[in-house]
Amino acid sequence: MRPGTETELAEMIRAASGPLSLRGGGTRGPLSVGAALDLTGLTGIRLYEPGALTLVAGAGTPLDQVQATLAAEGQRLAFEPPDLRALLGRQGQSTLGGVAAANASGPRRVQSGAARDHLIGLRLVDGHGTAIKSGGRVMKNVTGLDLVKLMAGAHGTLGVLSEVAFKLLPAPQSVASLCLHGQSLAQAVDDMSRALGSPYEITGAAHLPDTRETHLRIEGFETSVAYRTQRLTALFAGQGAEISISADPGALWRSVRDVTPLAGVAGDLWRLSVQPSTAPALLARMPEGATTLLDWGGGLIWARVPPGTDLRALLGPIRGHATLLQGAPGLPVFPPAPPGVAALTAALRAKFDPRALFNRGIMG
Amino acid sequence: MDMPPVSRQILNNRPAVLAALAAVLPEGGLISDPTELRVYECDGLSAYRCPPMAVTLPRTTAEVAAVLQTCHRLGVPVVPRGAGTSLAGGALPTADCVLLGVARLTRVIEINTADRFIHVETGRTNLSVTAAVEAEGFFYAPDPSSQLACAIAGNIAMNSGGAHCLKYGVTTNNLLGVRMVLMDGTTLTLGGPFSDAGGLDLLGLICGSEGQLAVVTEAWLRILPKPEGARPVLMGFDSNEGAGACVADIIKAGVLPVAIEFMDRPAILACEAFAHAGYPDCAALLIIEVEGSDTEIDDQLARIRAIAAGHHPVAYRESTSAEETARIWLGRKSAFGAMGQLGDYMCLDGTIPVSALPLVLRRISEMSADYGLRVANVFHAGDGNMHPLILYDANKPGDLERCEAFGAAILTLCVEVGGCLTGEHGVGVEKRDLMSVQFSPADLESQMRVKDVFDPGWLLNPAKVFPLAASAGRRAG
């Protein structure tokens with residue numbers, strides 16, 4: 001099924017007699033059982049106002065097309081959606097709706113926020129086959145319950161997005177990246193925290209345990225990038241760190257964003273969100289043979305581990321959550337919610353999708 | 001403004017309700033004296049007043065849960081209240097409700113500057129959160145103008161913004177987790193000092209839910225390192241269009257100021273007469289503030305100056321000292337006080353696409369003549385959040401109603417041009433019945449289904465947010 005309009009989408013949902021497996025580009029989310037509902041026909045940029053920093057587009061609009069349109073005006077989606085195709089071994093074209101449904105955010109999340117922070121409005125069709133809207137096309141909006149946030153990251157389990165509106169930001173004039181070499185995990189997390197706690201507006205803080213390198217990104221006008229690079233260098237030079245500076249770190253940050261160092265590596269793939277300062281203790285408990293990458297100053301950990309390893313059990317008392325992106329069946333993909341939250345989740349799902357059509361089996 | 005009829009049955013049961021609440025609260029936690037109850041009869045929307053049946057002031061999450069569980073068992077509606085600064089009537093009581101104030105929940109539970117968060121109880125004021133981390137060089141970004149008085153609980157309920165949210169976002173963008181209590185007394189934790197939800201983003205749903213879904217008692221808030229410095233520039237234009245075009249060009253040029261404030265001529269005149277800030281006599285005024293080191297500020301202001309020159313400002317003044325900065329902000333920050341000098345006023349906060357600014361201001365000025373009421377506009381121009389202040393005379397019969405009709409017409413216009421009813425104040429009772437201008441019956445139904453999940457009996461802050469006609473069947477059940 002491939003609806004070309006929201007009306008067609010609503011008709012298909014009303015007529016559906018069994019589970020539907022929602023597909024944008026199929027580049028990032030877990031794929032459920034059921035008849036494929038291909039959403040790439042809901043395409044097109046409906047509104048783009050550079051002076052108001054807003055874009056509205058059909059949910060099936062290719063991410064590449066959106067990014068090219070924005071780049072032509074010197075703007076971008078500041079939350080830096082990752083391209084996980086190589087990591088997950090997927091093909092296809094990422095869609096804007098898929099990015100919203102997965103709340104897909106890259107390294108700049110530490111400074112600019114996640115996809116959900118930039119998603120300002122949407123239209124969707126619920127399991128009753130009814131089209132509804134929430135939010136709008138303005139940046140500040142507290143009118144009614146925020147279903148926009150509820151849908152961001154819901155992986156299509158509550159409704160099928162047909163249109164999304166995003167807030168945009170100007171692309172920077174200049175970028176630089178500082179690399180601290182020969183770092184232990186503890187030192188890396190500590191230094192990333194110092195950088196993120198400085199007034200220099202770090203827009204990326206990542207550590208690669210394999211190369212013992214810590215990367216700090218600075219973006220903005222040339223004057224500002226030069227000033228901040230110099231200040232950060234001074235901050236870390238004092239502790240005797242070996243520092244190098246790159247003025248063209250595009251490829252480096254794409255590889256952090258897309259988790260390239262873990263692509264093609266064997267093992268289960270986990271994504272953990274934790275309090276940054278707990279990362280070293282957590283990584284110390286990783287099994288032999290684990291390959292990891294730390295983003296968000298240590299708050300986001302990507303890990304390839306021997307098949308069957310349960311990183312949720314490893315979390316123990318550490319606050320956070322773990323998602324299993326690739327692994328043998330057995331462990332759930334999404335972290336099981338505590339009982340009260342699970343009850344609310346199930347009840348919300350039953351309200352929005354009473355026939356349990358959408359992405360059955362995903363998210364509990 | 002209509003409110004549902006008071007439940008006789010609940011009022012008749014008042015002694016039993018008071019006894020049950022007294023049993024779960026410590027000495028001083030329950031207020032039932034009619035004189036003392038008057039303190040809680042309204043919030044910042046003081047045109048509407050109604051003392052509640054009782055006020056509870058719990059000191060812990062467990063006591064909040066006990067109050068809610070008790071009211072749930074006895075079928076008594078509960079109206080949650082932060083500091084009572086809502087401009088939308090979000091904390092307006094009904095005569096048959098128990099008001100639940102979080103003002104005594106004020107502890108700081110944890111400060112962690114390495115991981116950049118603070119964990120507080122939600123009765124704490126907005127400004128005191130920043131005060132708790134300021135010495136270490138951090139601040140809490142959302143800065144509603146009531147920040148000295150308003151509580152974090154209310155900020156979360158209304159998803160409060162402020163003048164600096166163009167750069168830092170509103171409450172929802174700075175909230176990491178909450179501890180909250182459902183109407184039936186169930187206590188839950190959502191999120192925490194880490195990023196994003198593992199499952200559905202219920203935290204995002206709670207923020208801005210106006211006390212419809214749960215009472216939030218603790219919050220993990222993101223704190224940010226303080227910028228090295230900040231400096232404003234003031235510029236005057238001979239038309240609203242000129243000022244609006246200048247804002248759009250600054251944003252398009254990639255400069256992202258921390259605040260862009262707009263004032264129209266009536267606002268400029270009122271503020272100048274009140275505060276003597278030295279504002280130029282012109283059609284529209286912008287105050288733009290940028291942050292960074294001195295070098296960075298000079299660089300950004302040079303860019304802004306070059307862009308502004310293309311729009312022929314009639315006045316242009318960059319601050320060169322702390323005194324000048326204070327003077328530039330003085331007028332804007334006293335806008336509400338200045339309007340208060342002129343009479344009673346109603347403050348709206350509809351939000352519009354920035355491109356619609358000249359049209360909307362022209363229409364407001366035409367409507368001002370039609371309704372025979374004066375209006376002044378102050379405006380967070382970077383994000384389209386308007387604040388029309390309509391002047392009226394509360395002692396003049398029919399004036400409040402005329403003012404409300406004018407306000408409704410302005411908000412309807414905001415929706416027509418692609419905006420929304422409220423950018424940061426919330427719906428409350430004030431904009432409740434305008435919700436059908438922005439939302440279809442299906443949109444409202446889907447929002448009310450969410451409330452059904454969290455509060456099946458519709459006991460928590462009922463008769464707010466949703467038009468009374470739309471929620472009638474649910475509230476009766």
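Placed above this text is the structure.
Caption draft 1: Looking closely at the interface of chain B and chain A. Opposite the 75 residues of chain B that make contact, chain A presents 70 residues. Only β9 (187-191), α8 (202-206), α9 (240-252), α11 (294-309), α16 (435-438) and α17 (441-454) of chain B provide two or more residues apiece to the side of chain B that touches chain A. The biggest single contributor to the side of chain B that touches chain A is α17(B), with nine residues. For the side of chain B that touches chain A, the per-class residue count stands at 31 nonpolar, 30 polar and 14 charged.

Caption draft 2: A look at the sheet that holds strand β3 (residues 45-49) of chain A. Residue and element names in this part refer to chain A. Within the open sheet, the five strands sit side by side as β3-β4-β8-β6-β7. Their pairing is antiparallel. The open sheet has two free edges, formed respectively by β3 and β7 (131-135), since each of these has just one partner strand. Strand-to-strand, the axes of this sheet are offset by a mean angle of 10 degrees, without reference to chain direction. For strand β4 (residues 54-58) and strand β8 (residues 160-167), the ladder comprises five bridges, and the chain directions are antiparallel. When the bridges of β8 are listed, V56 appears paired with A165. Each of β6 (119-125), β7 and β8 touches helix α1 (residues 6-15); the most contacted strand, β6, lies at about 50 degrees to it.

Caption draft 3: Molecular detail of the sheet that holds strand β1 (residues 30-31) of chain B. All names here are of chain B. Here four strands make up an open sheet; going across it, the order is β1-β2-β4-β3 and the pairing mixed. Edge positions in the sheet fall to β1 and β3 (78-81), since each has one partner strand and no second. Pairing analysis gives two bridges linking β1 to strand β2 (residues 54-56), with the strands arranged antiparallel. Bridged to I31 within β2 is V55. In the packing of helix α2 (residues 14-24) onto the sheet, contacts are made with β1, β2 and β4 (98-101), and the angle to β2 comes to roughly 10 degrees.

Caption draft 4: Representation of α9(B). Residue and element names in this part refer to chain B. Over its 13 residues, α9 runs 18 Å from end to end, which matches the ideal 18 Å to within 8%, given 1.5 Å per residue. Within α9, burial applies to N240, G242, A243, G244, C246, V247, I250 and I251. On its buried face, α9 is in contact with β12 (230-237), β13 (259-264), β14 (284-291), α11 and α14 (357-371). Just downstream of α9, G254 is the residue with a positive phi angle, here 90 degrees.

Caption draft 5: Seen up close, the pairing of β14(B). Residue and element names in this part refer to chain B. Among the eight residues in β14, eight count as buried, and that is most of the element. Neither face of β14 is left uncovered, since the one carrying A284, L286, I288 and V290 and the one carrying L285, I287, E289 and E291 both have all their residues buried. As defined by bridge partners, β12 adjoins β14 across eight bridges and the pair is classed as antiparallel. Bridged to M235 within β14 is L286.

Caption draft 6: The arrangement of unusual backbone geometry in detail. Residue and element names in this part refer to chain A. For L53, which is not glycine, the phi torsion reads 55 degrees and is therefore positive. Counting through the fold element by element, L53 comes out in the loop between β3 and β4. In this structure, N103 is a non-glycine residue whose phi angle is positive, near 45 degrees. Here N103 shows up in the loop between α4 (96-102) and α5 (109-112).

Caption draft 7: Focus on the pairing of strand β14 (residues 268-274) of chain A. Residue and element names in this part refer to chain A. Counting buried positions over the seven residues of β14 gives six, a clear majority of the element. The sheet contact formed by β14 and strand β16 (residues 300-305) spans six bridges and is antiparallel. Looking at the pairing, R271 lines up with W302 of β16. Strand direction decides the pairing type here: β14 and strand β17 (residues 320-326), joined by six bridges, are antiparallel. Along β17, the bridge assignment pairs V274 with G320.

Caption draft 8: Spatial organisation of the nonpolar core. Ranked by size, the top nonpolar core spans 207 residues in total, and within it B:V78, B:I206, B:L221 and B:L286 carry the most contacts. Apart from the residues within four sequence positions on either side, B:I206 is in contact with B:V178, B:M180, B:L190, B:L213, B:A214 and B:V216. With 42 residues, the next largest nonpolar core counts A:A188, A:I218, A:L269 and A:L272 among its residues.

Caption draft 9: Quick look at the packing of helix α9 (residues 222-237) of chain A against α11(B). Across the interface, α9(A) lies against α11(B) with an axial gap of 9 Å and an inter-helix angle of 175 degrees. Taken together, the axis directions place α9(A) and α11(B) in an arrangement best described as roughly antiparallel. Counted together, A:T223, A:S224 and A:Y227 of α9(A) and B:T295, B:E296 and B:D299 of α11(B) form the full contact between these two elements. Residue classes in the contact of α9(A) with α11(B) are distributed as one nonpolar, three polar and two charged.

Rules used throughout
- Residues numbered from 1 in each chain as written.
- Chains lettered and ligands numbered in written order.
- Predicted model: local features only at pLDDT ≥ 70, side-chain atom pairs only at ≥ 80, totals over all residues.
- Contact = placed C-beta atoms within 7 Å.
- Helix = DSSP H or I, 4+ residues; strand = E, 2+ residues; numbered from the N terminus.
- Nonpolar A, V, L, I, M, F, W, Y, C, P; charged D, E, K, R; others polar.
- Pairing = 2+ DSSP bridges.
- Axes fitted to C-alpha atoms, helices over the stretch in contact; angles between N-to-C directions.
- Expected span 1.5 Å × (residues − 1).
- Buried ≥ 20, exposed ≤ 12 C-beta atoms within 10 Å, placed from the backbone.
- Core = buried A, V, L, I, M, F, W, Y, C linked by C-beta atoms within 7 Å.
- Parallel < 35°, antiparallel > 145°, perpendicular 65-115°, else oblique.

In short, shape yes, function no, at least from these values alone.
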